[in-house]
Amino acid sequence: MKQFAVILIGISIIAGINSAAISKAPFDFESMTCNITTPDTNDCTGMPTLQSGALMLAKAGTFKLKAHYNGCFIAENVTKSGIFQVFNFKETTRFELLTIRVMGIKDNQPDFPRTLGFANLNNNDLDGYLIDLSAVMHTHGQDTKNIITAKLQCTVNE
């Protein structure tokens, strides 16, 4: 009987450790603004791609992206807003950005939910990168070379 109790206690300890490692702790952060920069490139793309901008992440789980998109024959200042989901890791945090509303795109696409991309931040320095999938989605997946990885540098809003 004593061995059975020891085994049960051991299993419960292991189960407690595993569930703690798997569970997501709530992400407690203050609203922040991230400056966006992209590496200089001389490549000319037919679709507008992210060049610069600001990403505002609100504590309430919403975002607003004010961005400048540039292509061979078109330049657009676009504002996208929506919601995000947070995924916590040991030293980084990933935000999946879901666009709900778009303003400024010249081809007048209707507003409907779609993934804008992923923002990945280093928890200590609040720097990281944004993977912008919107250009690929804009071309309906026909031109996958337009996936842009932009640098992010964030500051907490006071």
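Up top is the structure.
The subject of this paragraph is the overall build of the protein chain. Scanning the protein chain from terminus to terminus reveals two helices and eight strands. Each helix and strand of the protein chain, ordered N terminal to C terminal, gives the series α-β-β-β-β-β-β-β-α-β. Counting every position in the protein chain, which comprises 158 residues, the buried fraction comes to 32%. In the protein chain, once contacts between residues fewer than 6 apart in sequence are set aside, the share between residues at least 24 apart is 44%. Of the roughly 10000 Å² that the protein chain leaves accessible, carbon and sulfur atoms contribute 57%.

This next bit is on the nonpolar core. One broad trend across soluble globular proteins is that nonpolar side chains are buried collectively. Core analysis: the largest hydrophobic core is formed by 24 residues, its most contacted members being Leu55, Leu57 and Leu97. Leave out the neighbours within four places in its chain, and Leu97 touches Leu55, Leu57, Phe63, Ile83, Phe84, Arg114, Thr115, Leu116, Gly117 and Leu130.

This part is about the state of the cysteines. A covalent bond between the sulfur atoms of two cysteines is what we call a disulfide. All told, the structure shown has one disulfide when counted by the stated rule. With a sulfur-sulfur separation of 1.9 Å, Cys34 is cross-linked through a disulfide to Cys154. Given an S-S torsion of about 100°, the disulfide between Cys34 and Cys154 has right-handed geometry. With a gap of 120 residues between them, Cys34 in strand 1 (residues 32–37) and Cys154 in strand 8 (residues 148–156) connect regions that are remote in the sequence. Accessibility assignment for this pair places Cys34 and Cys154 in one class, buried.

Glancing now at the packing of aromatic side chains. Counted under the stated rule, the structure contains one aromatic pair. For the pair Phe84 and Phe95, a centre-to-centre distance of 5.3 Å together with 80° between the ring planes defines the contact as edge-to-face. Separated by eleven residues along the polypeptide, Phe84 in strand 4 (residues 75–88) and Phe95 in strand 5 (residues 92–103) bring together distant segments of the chain. For Arg94, the ring lying beneath its charged end belongs to Phe87, and the centroid distance is 4.3 Å.

Taking strand neighbours around the barrel as the criterion, the eight strands line up as 1-2-3-4-5-6-7-8 in a closed arrangement whose pairing is antiparallel. Looking at each pair of strands side by side, their axes are set apart by 30° on average, direction ignored. Of the pairings in the sheet, the one linking strand 1 to strand 2 (residues 49–57) comprises six bridges and is antiparallel in character. Bridge pairing links Met32 to Leu57 in strand 2.

This part covers the environment of Cys72. Along the chain, the position of Cys72 falls in the loop between strand 3 (62–70) and strand 4. Taking C-alpha positions, Cys72 is 5.2 Å from Cys44, a pair spaced 28 residues apart along the chain.

This part is about the pairing of strand 6 (residues 114–122). Along strand 6, seven of the nine residues are buried, which leaves the element largely enclosed by surrounding structure. By the bridge criterion, eight bridges tie strand 5 to strand 6 in an arrangement that is antiparallel. Residue Arg94 lies in a different strand from strand 6, and its bridge partner there is Asn120.

So, about the pattern of salt bridges. One pass over the full model with this rule turns up one salt bridge. Residue Lys59 pairs with Glu30 through a salt bridge whose shortest N-O separation is 3.5 Å. Of this pair, Lys59 sits in the loop between strand 2 and strand 3 while Glu30 sits in the loop between helix 1 (2–22) and strand 1; the two residues are 29 residues apart in sequence, bridging distant segments of the chain. Exposure remark for Lys59: the relative accessible area of 45% places this residue in the partly exposed category. Accessibility expressed as a relative area gives 43% for Glu30, which makes it partly exposed.

Rules of the game
- Residues numbered from 1 in each chain as written.
- Predicted model: local features only at pLDDT ≥ 70, side-chain atom pairs only at ≥ 80, totals over all residues.
- Heavy atoms only, no water.
- Helix = DSSP H or I, 4+ residues; strand = E, 2+ residues; numbered from the N terminus.
- Buried < 20%, exposed > 50% of the residue type's maximum accessible area, 1.4 Å probe, protein only.
- Contact = heavy atoms within 4.5 Å.
- Areas by Shrake-Rupley, 256 points an atom, 1.4 Å probe, with all protein chains shown as cover.
- Core = buried A, V, L, I, M, F, W, Y, C linked by side-chain atoms within 4.5 Å.
- Disulfide = S-S within 2.5 Å.
- Phe/Tyr/Trp six-rings, centres within 6.5 Å; stacked < 30°, edge-to-face > 60°.
- Lys NZ or Arg CZ within 6 Å of the ring centre and 35° of its normal.
- Pairing = 2+ DSSP bridges.
- Axes fitted to C-alpha atoms, helices over the stretch in contact; angles between N-to-C directions.
- Salt bridge = Lys/Arg side-chain N within 4 Å of Asp/Glu carboxyl O.

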